[in-house]
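So you can see what is in the structure, the chains are spelled out below.
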Amino acid sequence: RRFDYRPKTDPYCQARYTFCPTGSAIPVMKEEDVIEVYRLQAPVWEFKYGDLLGHLKIMHDAVGFKSSLTGKNYTMEWYELFQLGNCTFPHLRPGMDAPFWCNQGAACFYEGIDDAHWKENGTLVLVTTISGTMFNEMAKWVKYDNETGIYYETWTVQASPDKQSIVWFDSYECSKFILRTYQKLADLGAVFKKIQTNYTSIILFSGEPIYLGNETSIFGPLGNKTLAAAIRDFYYPFKPHRTVREFFVDLLKIIDRVILNGQFYLFYNLEYWFLPMKYPYLKIIYEEVPLPIGSKASFGV
């Protein structure tokens with residue numbers, strides 16, 4: 001869903017690591033510039049855990065640019081303002097009936113490409129070349145996309161593991177931004193190389209979802225108190241844990257509700273849905289999504 005504007009973030013939402021600490025405005029390129037476009041991919045949280053999540057194929061995606069006129073490199077990515085956990089599960093704040101979400105995501109643009117970060121355990125590869133004109137048009141689109149597509153969504157939800165399965169809900173995270181960016185460049189005339197490109201998806205498997213309502217209709221003065229209590233009770237075990245014992249106690253509760261009882265409550269586009277979960281319940285996949293084919297002629301690059 002697209003939104004009319006990006007709301008201010010609540011001071012309660014705090015990030016352990018600052019979002020886009022060296023971010024800068026996207027520069028205006030000269031029309032005659034020739035700009036190389038790079039596919040960037042590395043394991044999530046590599047700066048802290050190295051290649052650990054790479055073994056599970058949990059990867060973060062970005063795109064890099066190099067100007068032939070100035071020789072400057074740039075990196076552009078899209079990720080959570082307040083880290084992944086806050087985007088995936090809410091806070092249950094004292095005195096507030098409704099779960100509280102810190103789930104905004106946004107684009108980050110900054111000068112430079114950290115070659116070591118992307119190459120060591122991931123990917124840094126040239127995928128296409130564009131003109132300065134195409135880059136500037138892409139920059140306008142990024143501004144629109146960033147102002148109207150504002151909420152991070154971790155989960156893809158589909159009916160079964162089959163490739164032709166119904167997708168009930170699509171995720172909205174870093175890889176989806178990169179895919180949208182590639183498609184925009186293709187629509188502007190970029191011609192991509194024929195190379196294999198894979199992306200991570202975290203999938204929940206569910207029967208047909210049941211619409212429950214929004215925050216007001218469930219948690220408001222005239223809301224459904226029984227449903228409100230069930231949703232709060234479901235999210236409680238996903239809170240941050242202070243001890244190992246507390247973690248394992250809550251893990252057993254999660255297994256009981258999601259797998260043994262087939263229950264999951266999804267918050268998507270500011271609305272709540274009930275997912276009747278089914279086998280295999282959850283799966284992390286790393287599948288190929290081909291680079292796009294454009295709808296316009298190349299700009300002569």
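- Looking at an unreviewed UniProt entry, one finds the protein named Bis(monoacylglycero)phosphate synthase CLN5 and attributed to Alca torda.
- A UniProt comment under Sequence similarities (unreviewed entry) is attached to the protein, and it reads "Belongs to the CLN5 family."

## Description of the state of the cysteines
- A full pass over the atoms with the stated rule returns 2 disulfides.
- Across a sulfur-sulfur distance of 2.1 Å, cysteine 13 and cysteine 102 are joined as a disulfide pair. For the disulfide bridge between cysteine 13 and cysteine 102, the dihedral angle about the S-S bond is near -85 degrees, and by the sign convention the bridge is left-handed. Of the two residues, cysteine 13 is situated in the segment before strand E1 (34-43) and cysteine 102 in the loop between helix H2 (83-88) and strand E4 (105-111); the sequence distance between them amounts to 89 residues. As far as burial versus exposure is concerned, cysteine 13 and cysteine 102 are alike and both buried.
- Between the sulfur atoms of cysteine 20 and its disulfide partner cysteine 108 the distance amounts to 2.0 Å. Across the S-S bond linking cysteine 20 and cysteine 108, the dihedral sits near 80 degrees, which makes this disulfide right-handed.

## Overview of the environment of tyrosine 74
- Note on placement: tyrosine 74 falls in strand E3 (residues 73-80).
- Residue classification places tyrosine 74 among the buried residues on the basis of a relative accessible area of 7%.
- Along the backbone, tyrosine 74 and threonine 156 are 82 residues apart, and their C-alpha atoms lie at a distance of 30 Å.
- In contact with tyrosine 74, not counting residues within four places along its chain, are Pro27, Met29, Val63, Gly64, Phe65, Phe109, Tyr110, Glu111, Gly112 and Ile113.

## A word on the side chain of glutamine 158
- Along the chain, the position of glutamine 158 falls in strand E6 (residues 155-158).
- At 2.7 Å, the side chain of glutamine 158 and the backbone oxygen of serine 160 are in polar contact.
- Apart from the residues lying within four places of it in its own chain, the contact partners of glutamine 158 are Ser165, Ile166, Val167, Trp168, Ile203, Leu204, Phe205 and Ser206.

Thresholds, definitions, all that
Residues numbered from 1 in each chain as written. Predicted model: local features only at pLDDT ≥ 70, side-chain atom pairs only at ≥ 80, totals over all residues. Heavy atoms only, no water. UniProt positions renumbered as here; feature names shortened; annotations may be inferred. Disulfide = S-S within 2.5 Å. Helix = DSSP H or I, 4+ residues; strand = E, 2+ residues; numbered from the N terminus. Buried < 20%, exposed > 50% of the residue type's maximum accessible area, 1.4 Å probe, protein only. Contact = heavy atoms within 4.5 Å. Polar contact = N/O pair within 3.5 Å; in protein donor to acceptor, adjacent residues only side chain to side chain.

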